[in-house]
Amino acid sequence: MTEWKSGDRVTFDSTTYCGECHYCKQGLVNLCGNRQVIGVSCEDYRRHGAFAERVVIPHFGVCSIPDEVSFEQAALAEPVSIALHGVSRLPISGGETGVVVGTGMIGLFLVQALKAAGCGYVFAIDLAEDKLALARELGADQTFVPGKDDIVGAVKDATDGEGAHVSVEAVGVADTVGLAIEVLRKGGATCLVGNLAPEINFPLQSVVTRELSVLGSCASAGEYSLALEAVASGKIKVDPIISAVADLKDGASWFDRLRNNTEGLLKVVLQP
Ligand SMILES: [Zn+2]
(Lines give C-alpha, C1' and ligand atoms only; values in the text may rest on other atoms or scores of the structure.)
Protein backbone atom coordinates (compact mmCIF):
# COMPACT_ATOMS: atom_id res chain seq x y z
CA MET A 1 0.00 0.00 0.00
CA THR A 2 1.48 3.34 -0.97
CA GLU A 3 -1.46 5.72 -0.68
CA TRP A 4 -2.76 6.40 2.76
CA LYS A 5 -6.00 7.94 3.87
CA SER A 6 -7.29 9.33 7.11
CA GLY A 7 -8.41 6.54 9.41
CA ASP A 8 -6.00 3.89 8.11
CA ARG A 9 -4.58 1.78 10.92
CA VAL A 10 -0.83 2.23 10.66
CA THR A 11 2.38 2.07 12.63
CA PHE A 12 5.83 3.15 11.51
CA ASP A 13 9.37 1.91 11.31
CA SER A 14 11.27 4.13 13.73
CA THR A 15 14.40 4.02 11.55
CA THR A 16 14.70 6.78 8.98
CA TYR A 17 17.46 6.70 6.38
CA CYS A 18 18.67 8.47 3.25
CA GLY A 19 17.84 5.81 0.65
CA GLU A 20 20.82 6.95 -1.44
CA CYS A 21 24.00 5.59 0.16
CA HIS A 22 25.56 2.23 -0.69
CA TYR A 23 24.23 0.72 2.54
CA CYS A 24 20.68 1.83 1.82
CA LYS A 25 20.94 0.57 -1.77
CA GLN A 26 21.74 -2.89 -0.38
CA GLY A 27 18.82 -2.73 2.05
CA LEU A 28 21.16 -2.28 5.02
CA VAL A 29 19.25 0.80 6.16
CA ASN A 30 20.28 0.24 9.78
CA LEU A 31 23.85 1.01 8.71
CA CYS A 32 22.99 4.23 6.84
CA GLY A 33 25.28 7.08 7.86
CA ASN A 34 22.26 9.37 7.90
CA ARG A 35 20.12 7.07 10.01
CA GLN A 36 17.87 8.62 12.61
CA VAL A 37 15.60 6.82 15.02
CA ILE A 38 12.27 8.45 15.78
CA GLY A 39 11.74 8.87 19.49
CA VAL A 40 15.31 7.94 20.44
CA SER A 41 17.62 10.42 22.10
CA CYS A 42 21.15 9.09 21.52
CA GLU A 43 23.20 11.98 20.12
CA ASP A 44 24.20 10.13 16.95
CA TYR A 45 20.77 9.39 15.61
CA ARG A 46 18.35 11.50 17.65
CA ARG A 47 15.00 12.31 16.14
CA HIS A 48 12.35 13.73 18.42
CA GLY A 49 8.80 12.56 18.38
CA ALA A 50 6.61 9.55 19.06
CA PHE A 51 5.37 10.24 22.61
CA ALA A 52 2.82 12.66 21.24
CA GLU A 53 -0.69 12.76 19.86
CA ARG A 54 0.66 13.67 16.42
CA VAL A 55 3.97 12.84 14.85
CA VAL A 56 5.47 13.52 11.41
CA ILE A 57 7.12 10.49 9.84
CA PRO A 58 8.62 9.75 6.42
CA HIS A 59 6.12 8.04 4.12
CA PHE A 60 8.44 5.11 3.44
CA GLY A 61 8.36 4.05 7.07
CA VAL A 62 4.59 3.73 7.30
CA CYS A 63 3.28 0.17 7.74
CA SER A 64 -0.30 -1.01 7.60
CA ILE A 65 -1.47 -2.82 10.73
CA PRO A 66 -3.15 -6.14 9.88
CA ASP A 67 -6.77 -6.43 11.07
CA GLU A 68 -5.81 -9.18 13.53
CA VAL A 69 -3.31 -6.92 15.29
CA SER A 70 -4.37 -4.36 17.92
CA PHE A 71 -2.68 -0.96 18.30
CA GLU A 72 -1.11 -2.16 21.55
CA GLN A 73 0.30 -5.24 19.84
CA ALA A 74 1.50 -3.14 16.90
CA ALA A 75 3.41 -0.94 19.36
CA LEU A 76 5.70 -3.92 19.89
CA ALA A 77 6.64 -4.25 16.22
CA GLU A 78 9.92 -2.47 16.99
CA PRO A 79 11.38 -5.01 19.48
CA VAL A 80 9.97 -7.87 17.39
CA SER A 81 11.79 -6.46 14.34
CA ILE A 82 15.04 -6.34 16.33
CA ALA A 83 14.68 -10.03 17.17
CA LEU A 84 13.83 -10.92 13.57
CA HIS A 85 16.85 -8.99 12.34
CA GLY A 86 19.19 -10.65 14.86
CA VAL A 87 17.97 -14.13 13.89
CA SER A 88 18.24 -13.25 10.18
CA ARG A 89 22.00 -12.85 10.67
CA LEU A 90 22.33 -16.54 11.59
CA PRO A 91 22.61 -19.50 9.20
CA ILE A 92 19.35 -21.33 9.92
CA SER A 93 17.83 -23.63 7.32
CA GLY A 94 15.64 -25.79 9.54
CA GLY A 95 16.05 -28.19 12.45
CA GLU A 96 18.96 -26.43 14.14
CA THR A 97 19.46 -26.23 17.87
CA GLY A 98 19.49 -22.65 19.16
CA VAL A 99 20.33 -20.96 22.45
CA VAL A 100 19.11 -17.58 23.69
CA VAL A 101 21.19 -16.02 26.46
CA GLY A 102 19.12 -13.44 28.35
CA THR A 103 15.33 -13.60 28.28
CA GLY A 104 14.33 -10.01 28.83
CA MET A 105 11.90 -8.59 26.32
CA ILE A 106 14.21 -8.95 23.32
CA GLY A 107 15.30 -12.42 24.44
CA LEU A 108 11.69 -13.58 24.69
CA PHE A 109 11.15 -12.42 21.11
CA LEU A 110 14.41 -14.09 20.07
CA VAL A 111 13.18 -17.44 21.42
CA GLN A 112 10.09 -17.12 19.24
CA ALA A 113 12.01 -15.78 16.25
CA LEU A 114 14.44 -18.73 16.34
CA LYS A 115 11.50 -21.12 16.37
CA ALA A 116 9.77 -19.20 13.56
CA ALA A 117 13.00 -19.31 11.52
CA GLY A 118 13.10 -23.09 11.77
CA CYS A 119 15.10 -24.02 14.86
CA GLY A 120 13.85 -27.36 16.07
CA TYR A 121 14.97 -27.01 19.68
CA VAL A 122 15.65 -23.83 21.64
CA PHE A 123 17.33 -23.41 25.00
CA ALA A 124 16.88 -20.21 27.00
CA ILE A 125 19.15 -18.92 29.76
CA ASP A 126 18.45 -16.24 32.37
CA LEU A 127 18.95 -15.53 36.07
CA ALA A 128 15.24 -14.77 36.55
CA GLU A 129 13.06 -17.86 36.94
CA ASP A 130 9.87 -15.94 36.10
CA LYS A 131 11.31 -14.87 32.75
CA LEU A 132 12.36 -18.47 32.04
CA ALA A 133 8.81 -19.61 32.78
CA LEU A 134 7.62 -17.09 30.22
CA ALA A 135 10.29 -18.29 27.78
CA ARG A 136 8.92 -21.85 28.12
CA GLU A 137 5.38 -20.57 27.61
CA LEU A 138 6.59 -18.88 24.42
CA GLY A 139 8.33 -21.92 22.98
CA ALA A 140 11.66 -22.52 24.73
CA ASP A 141 12.16 -26.28 25.05
CA GLN A 142 14.58 -26.20 27.96
CA THR A 143 15.73 -23.40 30.25
CA PHE A 144 18.73 -22.86 32.51
CA VAL A 145 19.87 -20.60 35.32
CA PRO A 146 23.60 -19.69 35.27
CA GLY A 147 25.40 -20.66 38.47
CA LYS A 148 22.76 -23.29 39.21
CA ASP A 149 22.72 -25.50 36.13
CA ASP A 150 25.63 -27.03 34.18
CA ILE A 151 24.52 -25.25 31.02
CA VAL A 152 27.26 -26.22 28.59
CA GLY A 153 27.08 -29.85 29.77
CA ALA A 154 23.29 -29.95 29.40
CA VAL A 155 23.35 -28.42 25.91
CA LYS A 156 25.99 -30.97 24.85
CA ASP A 157 23.97 -33.82 26.37
CA ALA A 158 20.98 -32.75 24.31
CA THR A 159 22.99 -32.47 21.08
CA ASP A 160 24.98 -35.73 20.89
CA GLY A 161 27.91 -34.07 22.63
CA GLU A 162 28.30 -31.44 19.93
CA GLY A 163 26.70 -28.24 21.25
CA ALA A 164 24.20 -25.89 19.66
CA HIS A 165 24.30 -24.77 16.03
CA VAL A 166 23.46 -21.16 16.78
CA SER A 167 23.10 -18.82 19.73
CA VAL A 168 21.92 -15.28 20.31
CA GLU A 169 23.20 -13.08 23.11
CA ALA A 170 20.80 -10.47 24.45
CA VAL A 171 22.60 -9.09 27.49
CA GLY A 172 26.03 -7.80 26.52
CA VAL A 173 28.46 -8.55 29.35
CA ALA A 174 31.51 -10.86 29.41
CA ASP A 175 29.91 -13.83 31.19
CA THR A 176 26.88 -14.03 28.94
CA VAL A 177 28.84 -13.49 25.72
CA GLY A 178 31.22 -16.23 26.90
CA LEU A 179 28.26 -18.52 27.49
CA ALA A 180 26.78 -17.79 24.04
CA ILE A 181 30.12 -18.90 22.58
CA GLU A 182 30.79 -21.93 24.81
CA VAL A 183 27.40 -23.56 24.11
CA LEU A 184 28.19 -23.71 20.38
CA ARG A 185 29.40 -26.70 18.42
CA LYS A 186 32.42 -26.42 16.13
CA GLY A 187 31.55 -24.26 13.15
CA GLY A 188 28.59 -22.74 14.99
CA ALA A 189 27.48 -19.13 14.89
CA THR A 190 26.49 -16.62 17.51
CA CYS A 191 24.71 -13.32 17.00
CA LEU A 192 25.43 -10.58 19.53
CA VAL A 193 22.45 -8.29 20.10
CA GLY A 194 23.07 -7.15 23.69
CA ASN A 195 25.73 -4.51 24.30
CA LEU A 196 25.55 -3.34 27.90
CA ALA A 197 29.36 -3.25 28.18
CA PRO A 198 31.34 -1.32 25.57
CA GLU A 199 34.23 -3.80 25.89
CA ILE A 200 34.58 -7.30 27.34
CA ASN A 201 37.11 -10.08 27.76
CA PHE A 202 36.69 -12.35 24.79
CA PRO A 203 37.31 -16.14 24.48
CA LEU A 204 39.50 -15.68 21.42
CA GLN A 205 41.01 -19.16 21.22
CA SER A 206 37.65 -20.86 21.60
CA VAL A 207 36.35 -18.87 18.62
CA VAL A 208 39.44 -19.29 16.44
CA THR A 209 40.18 -22.97 17.08
CA ARG A 210 36.54 -24.02 16.70
CA GLU A 211 36.05 -21.76 13.69
CA LEU A 212 32.98 -20.02 15.07
CA SER A 213 31.19 -17.12 13.43
CA VAL A 214 30.57 -14.12 15.66
CA LEU A 215 28.04 -11.70 14.19
CA GLY A 216 26.79 -8.34 15.39
CA SER A 217 23.22 -7.17 14.96
CA CYS A 218 22.09 -3.57 15.24
CA ALA A 219 18.46 -2.49 15.38
CA SER A 220 16.50 -3.69 12.35
CA ALA A 221 16.70 -3.25 8.60
CA GLY A 222 13.16 -3.05 7.33
CA GLU A 223 11.70 -6.02 9.24
CA TYR A 224 8.64 -4.09 10.51
CA SER A 225 6.19 -5.59 8.03
CA LEU A 226 7.56 -9.06 8.74
CA ALA A 227 7.18 -8.36 12.46
CA LEU A 228 3.53 -7.35 12.02
CA GLU A 229 2.87 -10.43 9.90
CA ALA A 230 4.48 -12.66 12.52
CA VAL A 231 2.28 -11.11 15.21
CA ALA A 232 -0.83 -11.43 13.02
CA SER A 233 -0.16 -15.10 12.30
CA GLY A 234 0.59 -15.88 15.95
CA LYS A 235 4.14 -17.01 15.19
CA ILE A 236 5.31 -14.31 17.57
CA LYS A 237 3.19 -13.60 20.61
CA VAL A 238 3.48 -10.14 22.13
CA ASP A 239 0.66 -10.06 24.70
CA PRO A 240 2.67 -11.80 27.47
CA ILE A 241 5.40 -9.17 27.04
CA ILE A 242 3.05 -6.19 27.60
CA SER A 243 3.22 -5.59 31.36
CA ALA A 244 0.81 -2.65 31.31
CA VAL A 245 -1.09 -0.27 29.05
CA ALA A 246 -1.15 3.22 30.58
CA ASP A 247 -2.18 6.78 29.74
CA LEU A 248 0.47 8.98 28.14
CA LYS A 249 -0.05 11.51 30.97
CA ASP A 250 1.23 8.88 33.43
CA GLY A 251 4.27 8.19 31.26
CA ALA A 252 6.84 9.86 33.49
CA SER A 253 5.96 7.71 36.50
CA TRP A 254 6.05 4.57 34.35
CA PHE A 255 9.54 5.51 33.17
CA ASP A 256 10.57 5.76 36.83
CA ARG A 257 9.06 2.35 37.58
CA LEU A 258 10.84 0.86 34.58
CA ARG A 259 14.15 2.47 35.56
CA ASN A 260 13.95 1.08 39.10
CA ASN A 261 12.34 -2.08 37.80
CA THR A 262 11.79 -4.09 40.94
CA GLU A 263 8.52 -5.45 39.54
CA GLY A 264 9.83 -7.50 36.64
CA LEU A 265 8.20 -5.17 34.11
CA LEU A 266 8.84 -5.95 30.46
CA LYS A 267 7.13 -3.52 28.09
CA VAL A 268 4.71 -0.77 29.00
CA VAL A 269 2.57 0.68 26.22
CA LEU A 270 1.51 4.34 26.59
CA GLN A 271 -1.76 5.43 24.99
CA PRO A 272 -1.94 9.00 23.69
ZN1 LIG B 1 21.64 5.72 3.51
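Predicted model only: the values in this text are computed from it and were never measured.

### Observations concerning the overall build of the chain
Working step 1: Helix and strand content of the chain: ten helices and 13 strands.
Working step 2: At 19 Å, the chain has a C-alpha radius of gyration in line with the 19 Å of a compact globule built from 272 residues.
Working step 3: Each of the three principal axes of the chain carries a C-alpha extent, and together these read 60 × 45 × 35 Å.
Working step 4: Per-residue burial for the chain yields a buried fraction of 38% across its 272 residues.
Working step 5: Taking all contacts inside the chain whose residues are at least 6 apart in sequence as the whole, residues at least 24 apart take part in 63%.

### Re helix α3 (residues 77-88)
Working step 1: Relative to the 16 Å expected for twelve residues at 1.5 Å per residue, α3 spans 16 Å between its end C-alpha atoms, a close match to the ideal helical length.
Working step 2: Burial within α3 is extensive, with eleven of its twelve residues counted as buried.
Working step 3: For α3, the complete set of buried residues consists of Ala77, Glu78, Pro79, Val80, Ser81, Ile82, Ala83, Leu84, His85, Gly86 and Val87.
Working step 4: Buried residues in α3 make contact with β1 (10-12), α2 (71-74), α4 (105-117), β9 (164-169), β10 (184-192) and α9 (224-233).

### Notes on the sheet that holds strand β7 (residues 121-125)
Working step 1: One open sheet accounts for six strands, arranged β8-β7-β6-β9-β10-β11; its pairing is parallel. Edge positions in the open sheet fall to β8 (142-144) and β11 (213-216), since each of these has one partner strand only. Within the sheet, the average angular offset between the axes of one strand and its neighbour, ignoring direction, is 20 degrees.

### Some words on the domain arrangement of the chain
Working step 1: Domain boundaries in the chain define domain 1 (10-80 + 221-237) and domain 2 (91-216).
Working step 2: For domain 1 versus domain 2, the distance between C-alpha centres works out to 26 Å.
Working step 3: Contacts between domain 1 and domain 2 engage six residues on the former and seven residues on the latter.
Working step 4: Residues of the side of domain 1 that touches domain 2, tallied by class, amount to four nonpolar, no polar and two charged.

### Some words on the environment of Met105
Working step 1: Along the chain, the position of Met105 falls in helix α4.
Working step 2: Residues Met105 and Leu266, spaced 161 residues apart in sequence, show a C-alpha to C-alpha distance of 5.8 Å.
Working step 3: With residues up to four places along the chain from it excluded, the contact list for Met105 reads Pro79, Ile241, Leu266 and Lys267.

### As for the packing of α3 against α9
Working step 1: Close contact between α3 and α9 brings their axes to 8 Å; oriented N to C, the two are set at 105 degrees. Relative to α9, the element α3 lies roughly perpendicular. Residues Ala77, Val80, Ser81 and Leu84 of α3 touch α9, and the partners they reach there are Tyr224, Leu226, Ala227, Leu228, Ala230 and Val231.
Working step 2: For the contact of α3 with α9, the class distribution of residues is nine nonpolar, one polar and no charged.

### Thoughts on the pairing of β10
Along any regular strand, the residues point their side chains to alternate faces of the sheet.
Working step 1: One ladder, built from five bridges, connects β9 with β10; its direction is parallel. Counterpart to Val166 in the pairing with β10 is Ala189.
Working step 2: As judged from the four bridges shared by β10 and β11, these two strands associate in the parallel manner. Looking at the pairing, Thr190 lines up with Val214 of β11.
Working step 3: Each parallel crossover has a hand, and for β10 linked through helix α8 (residues 204-209) to β11 it is right-handed.

### Some points on the packing of α3 against α4
Working step 1: At a minimum axis separation of 8 Å, α3 and α4 run at an interaxial angle of 50 degrees. Here α4 runs oblique to α3, going by the angle between their axes. Along this stretch, α3 crosses α4, giving a crossing that reads as right-handed. Across from Pro79, Val80, Ile82, Ala83, Leu84, Gly86 and Val87 in α3, the residues of α4 making contact are Met105, Ile106, Phe109, Leu110, Ala113, Leu114 and Ala117.
Working step 2: Residue composition of the contact of α3 with α4, by class: 13 nonpolar, one polar and no charged.

Definitions and cut-offs
Throughout, a residue's number is its position along its own chain's written sequence, starting from 1. Predicted model: local features are reported for residues with pLDDT of at least 70 only, side-chain atom pairs are reported and counted for 80 or more only, and whole-chain, interface and lining totals are derived from all residues. Helix and strand assignments follow DSSP, with helices taken as H or I runs no shorter than four residues and strands as E runs no shorter than two, numbered in order from the N terminus. The atom set for the radius of gyration is the C-alpha atoms, and the globule formula is 2.2 Å times the number of residues raised to the power 0.38. Field definition: a residue is buried when 20 or more other C-beta atoms are found within 10 Å of its C-beta, exposed when 12 or fewer are, and partly exposed for counts in between, with C-beta atoms placed from the backbone. By the convention adopted here, residues make contact when the C-beta atoms placed from their backbones lie within 7 Å. Multiplying one less than the number of residues by 1.5 Å gives the expected span of a helix. DSSP-based pairing: two strands are paired if at least 2 bridges between them are found. Fitting a line to C-alpha atoms yields each axis, with helices limited to the stretch in contact; the angle taken between N-to-C directions then spans 0 to 180 degrees. Segment limits for the domains were obtained from an automatic or database-derived domain assignment. The residue classification treats Ala, Val, Leu, Ile, Met, Phe, Trp, Tyr, Cys and Pro as nonpolar and Asp, Glu, Lys and Arg as charged. All others, Gly included, are polar. Throughout this description, any angle smaller than 35 degrees is read as roughly parallel, any larger than 145 degrees as roughly antiparallel, any in the 65 to 115 degree range as roughly perpendicular, and the remainder as oblique. Think of it like this: strands point away, you trace from the first strand over the helix to the second, and a clockwise trace means the crossover is right-handed. Handedness of a helix crossing follows the sense of rotation of the near helix relative to the far helix, less than a right angle counterclockwise being left-handed and clockwise being right-handed.

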